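Structural features, examined
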Amino acid sequence: MATLTAPGADHELHNIEVNGLACKAFVNAPNSLRELYIESISDEEFFIFEDERYTFAEMYSQAARLAHCLVETYGIEKGDRVAISMRNYPEWVVGFTAATSIGAIAVAMNAWWETEEIEMGLKDSGAKVILADAERIARLAQIEGLTTQIISVRPQDIVLGKEFNEALGAVPENAPMPNAVIDPDDPATMFYTSGSTGFPKGAVASHRNILSALLSWELDGKSALLIADAEPPELPYQVATLLAVPLFHVTGSHAVYLSSYRQQRKMVSMYKWDTDTAAKLIESEKISSFVAPAAMTGDLVQAASRLNTDLSSLLAVGGGGAPRAPEQVKDIDDTFSTAMPNTGWGMTETNGIGTGIGGQDYLDRPASSGRVSAVLDLKIVDEEGNTLPQGQRGELLIRGTSIIKGYWDRPEANAETFVDGWLRTGDVAYLDEEGYLFIVDRIKDLIIRGGENIGCGEVEAALLEHPDILEASVYALPDERLGEEVATTVFCESALDEGQLRDFLVERLARFKIPRYINIQNQPLPRIASGKIFKRQMREDALRAIQN
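This structure is a prediction, so every number in the text was calculated from the model and none was measured.

Of the regular secondary structure elements, the protein holds 17 helices and 29 strands. Over its C-alpha trace the protein gives a radius of gyration of 23 Å, about what one expects of a compact globule, namely 24 Å for 548 residues. Dimensions of the protein, computed from C-alpha atoms along their principal axes, come out at roughly 65 × 60 × 55 Å. Scored against the burial criterion, the 548 residues of the protein give a buried share of 55%. Taken as a whole, the protein presents about 23800 Å² of accessible surface, with 46% of it coming from carbon and sulfur. In the protein, the 48 positive side-chain charges and the 81 negative ones have mean positions that sit 2 Å from each other.

Turning to empty space enclosed by the protein, a few remarks are in order. Enumeration over the complete set of coordinates arrives at one cavity of 30 Å³ or more. Space inside the largest cavity adds up to approximately 70 Å³. What lines the largest cavity is Tyr37, Ser40, Ile41, Phe46, Phe56, Met59, Tyr60, Val93, Thr97 and Tyr261. Looking at the lining of the largest cavity, the elements that each hand over two or more residues are helix 2 (56-72) and helix 3 (90-101).

Below, the discussion takes up the side chain of Ser313. Inspection of the secondary structure assignment puts Ser313 in the loop between helix 11 (294-306) and strand 15 (316-319). Looking at Ser313, its side chain comes within polar contact range of the main-chain oxygen of Ile282, at 3.4 Å. Look past the residues within four positions of Ser313 in its chain and what remains in contact with it is Tyr237, Ile282, Lys286, Ile287 and Ser288.

Let's shift gears to the side chain of Thr275. Tracing the sequence through the fold places Thr275 in helix 10 (residues 275-285). For Thr275, the contacting residues outside a window of four places in its chain are Asp299, Leu300, Ala303 and Arg306.

A few words now on the environment of Ile158. Note on placement: Ile158 falls in the loop between strand 8 (149-153) and strand 9 (162-163). Take Ile158: its relative accessible area is 34%, and that puts it in the partly exposed class. Sequence-wise, Ile158 and Ala138 are 20 residues apart; in three dimensions their C-alpha atoms are separated by 7.0 Å.

Across the sheet, nine strands lie side by side as 4-3-13-12-14-15-16-17-18; this open sheet has mixed pairing. Each having just a single partner strand, strand 4 (52-55) and strand 18 (371-372) make up the two edges of the open sheet. As paired strands, strand 14 (residues 289-292) and strand 15 are joined by four bridges and run parallel to one another. Bridge assignment links Phe290 to a residue of strand 15, and that residue is Val317. The sheet contacts of helix 2 involve strand 3 (45-49) and strand 4, and relative to strand 4 the element is tilted by about 85°.

Before going further, it helps to spend a moment on the packing of helix 7 (residues 207-227) against helix 8 (residues 250-258). Packing of helix 7 against helix 8 leaves a shortest axis separation of 10 Å and a crossing angle of 55°. Of the possible angle classes, the one that applies to helix 7 and helix 8 is oblique. Crossing handedness for the pair helix 7 and helix 8: right-handed. In this structure, helix 7 contributes Ile210, Leu214 and Trp217 to the contact, and helix 8 contributes His254, Ala255 and Leu258. Counted by class, the contact of helix 7 with helix 8 contains five nonpolar, one polar and no charged residues.

This part is about the packing of aromatic side chains. For the coordinates displayed, the defined rule picks out 18 aromatic pairs. Ring plane angle 85° and centroid distance 6.5 Å describe the contact between Trp92 and Tyr257, whose orientation is recorded as edge-to-face. Of this pair, Trp92 sits in helix 3 while Tyr257 sits in helix 8; the two residues are 165 residues apart in sequence, bridging distant segments of the chain. On the basis of relative accessibility, which here comes to 0%, the residue Tyr257 falls in the buried class. When the centroid spacing of 5.6 Å and the interplanar angle of 10° are considered together, the rings of Trp273 and Phe290 count as stacked. With Trp273 in the loop between strand 13 (266-269) and helix 10 and Phe290 in strand 14, this pair connects stretches of sequence that are 17 residues apart. Put simply, the rings of Tyr37, Phe46, Phe56, Trp92, Phe96, Tyr257 and Tyr261 pair up and form one aromatic cluster.

Glancing now at the nonpolar core. One finds Leu70, Leu242 and Tyr257 to be the most contacted residues of the largest nonpolar core, which totals 107 residues. Looking at this core, the element that brings in the most residues is helix 2, giving nine residues. With near-sequence residues (within four places) excluded, Tyr257 lies in contact with Tyr37, Phe46, Trp92, Val93, Phe96, Thr97, Leu247, Gly252 and Met267. Judged by nonpolar contacts, the second largest core, of 40 residues, contains Ile118, Leu140, Cys456 and Ile469.

All right, on to the sheet that holds strand 27 (residues 469-479) then. Taken together, three strands build an open sheet; the order of strands is 27-28-29 and the sheet is mixed. The open sheet has two edge strands, strand 27 and strand 29 (517-521), and neither has a second partner. Averaged over all pairs of adjacent strands, the angle between their axes in this sheet comes to 20°, without regard to strand direction. Note: strand 27 against strand 28 (residues 483-492), ten bridges, orientation antiparallel. Considered in strand 28, the bridge of Leu477 is made with Glu485. Along the sheet, helix 15 (residues 456-464) makes contact with strand 27 and strand 28, crossing strand 27 at roughly 140°.

For any two helices packed against each other, one specifies the inter-axial angle together with the distance between the axes. As a packed pair, helix 10 and helix 11 sit with axes 10 Å apart at the nearest point and diverge in direction by 70°. In terms of their interaxial angle, helix 10 and helix 11 are classed as roughly perpendicular. Contact with helix 10, carried on its side by Thr275, Asp276 and Ile282, involves Asp299, Leu300, Ala303 and Arg306 of helix 11 and no other residues of that element. Here the residues of the contact of helix 10 with helix 11 are counted per class, giving three nonpolar, one polar and three charged.

Cut-off values and rules
Residues numbered from 1 in each chain as written. Predicted model: local features only at pLDDT ≥ 70, side-chain atom pairs only at ≥ 80, totals over all residues. Heavy atoms only, no water. Helix = DSSP H or I, 4+ residues; strand = E, 2+ residues; numbered from the N terminus. Rg over C-alpha atoms; globule rule 2.2 N^0.38 Å. Buried < 20%, exposed > 50% of the residue type's maximum accessible area, 1.4 Å probe, protein only. Areas by Shrake-Rupley, 256 points an atom, 1.4 Å probe, with all protein chains shown as cover. Lys, Arg positive; Asp, Glu negative; His and termini not counted. Charge placed at Lys NZ, Arg CZ, Asp CG, Glu CD. 1 Å grid on protein atoms, 1.4 Å probe; cavity = no way out; pocket = protein on both sides within 12 Å on 5 of 7 lines; lining within 4 Å. Points joined across faces, edges and corners; volume = space filled by probe spheres on them. Polar contact = N/O pair within 3.5 Å; in protein donor to acceptor, adjacent residues only side chain to side chain. Contact = heavy atoms within 4.5 Å. Pairing = 2+ DSSP bridges. Axes fitted to C-alpha atoms, helices over the stretch in contact; angles between N-to-C directions. Parallel < 35°, antiparallel > 145°, perpendicular 65-115°, else oblique. Left-handed = near helix turned anticlockwise from the far one by under 90°. Nonpolar A, V, L, I, M, F, W, Y, C, P; charged D, E, K, R; others polar. Phe/Tyr/Trp six-rings, centres within 6.5 Å; stacked < 30°, edge-to-face > 60°. Core = buried A, V, L, I, M, F, W, Y, C linked by side-chain atoms within 4.5 Å.

Nothing here speaks to function; it is geometry throughout.
Below is the structure:
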């Protein structure tokens with residue numbers, strides 16, 4: 001690492017000050033996402049979706065035209081919010097590129113949100129414009145008094161506002177990107193992340209935050225090759241990656257999409273996850289890397305053993321969003337002849353980076369999340385905030401150049417989460433004598449279902465809106481494929497039908513947040529001596545019930 005970050009090296013590091021804090025930054029990093037895009041314009045293929053194929057130059061040209069439309073038709077100025085809510089269509093990337101190129105903040109909204117959640121997200125962010133596809137347009141149509149202007153992407157029965165191609169049609173095909181002066185520390189994105197209570201918070205990242213993450217992944221890759229005394233493989237075809245995770249998460253947007261620019265890597269986007277389709281795409285498009293939560297990489301391992309498909313182009317199978325069982329790490333190595341497993345730990349608030357591990361290191365330590373990125377620092381603290389020695393468990397804190405400045409319009413959350421420049425992660429962890437991180441538990445009341453963070457408090461609040469529910473507690477139960485599933489115990493004095501309760505929740509929560517396991521009882525929930533609900537007892541009771 002010292003060699004790769006030394007003066008004169010491509011990934012040279014120097015010390016700077018960001019938001020009053022001393023940080024390590026890359027000397028040769030682009031100053032903004034706008035610069036990243038411009039430096040990467042080429043005639044190489046960039047985005048593949050079904051029968052549609054676009055080069056880097058073609059995608060940038062479309063983004064420039066949309067940027068003119070945002071500025072001239074919708075009056076978007078620097079710092080304004082532009083929301084994106086759709087599947088992984090090419091228009092997602094075009095919208096993101098356009099917004100971040102003109103100094104606006106791209107708001108990556110969770111496409112699984114239902115109408116009420118979309119409305120709250122638009123109000124919370126103050127988005128002036130939203131680009132939405134047919135499924136999201138149908139939900140937007142149900143919002144009364146919506147002031148956000150809409151650009152309809154691939155509409156079907158309903159068109160709200162302007163249709164995407166109509167908007168672009170008003171701008172010449174060769175229009176250059178509108179001028180904009182962007183500082184590295186200007187805000188670029190807002191990704192919503194679920195906490196233990198209330199509506200998800202908008203995590204606002206700067207251009208520097210994001211670019212630090214992208215170059216950190218590059219640096220980790222170079223470091224792994226240097227340690228292994230290996231050269232990067234010379235492929236007779238363009239390097240390619242499979243985009244099968246949502247772009248509204250940092251795994252999809254950062255590790256897959258934005259990391260593709262400097263590599264000149266093509267992305268092959270799936271309409272939705274389907275294991276057999278993924279295997280066929282890996283073979284036909286010669287996919288070399290695949291990054292996804294453990295549930296999806298596990299699906300691919302199983303598919304490889306039953307399908308007559310050539311997956312030998314795969315060189316790396318990465319993890320993200322949720323921990324991977326140690327046995328799956330070995331399965332990946334055993335199943336794919338040329339691919340090595342890798343993973344890491346990161347958060348929306350860290351722009352996806354934190355620690356990383358891969359190859360033989362990972363096979364030797366399958367329960368570890370790896371070692372810390374070069375631009376970040378970790379420490380483990382006790383309940384009083386004292387730093388703990390190696391091997392002792394406590395809360396994981398992190399700081400550095402990729403960490404967001406804070407949450408959008410949430411001063412109380414910022415005060416709770418950021419302490420003296422350190423981000424409190426809510427994860428219980430320890431560091432071993434070689435600096436490898438091991439995540440062992442969570443302090444936050446959070447469920448991680450297939451890589452999706454679900455705040456127990458948000459689901460409990462929706463349950464308590466039902467007039468017959470007097471008490472509700474939400475907790476995680478283990479699931480072999482998804483890692484965790486949502487479960488709840490509710491107290492009702494009158495009869496309550498489980499199916500009717502699910503129908504009630506559909507109008508209030510995205511479907512992935514609706515509890516799979518529902519226990520309805522006619523007596524108050526158990527409590528500990530302090531009066532708090534005894535969640536552990538209910539979890540243990542529910543686990544015994546499903547095991548029996």
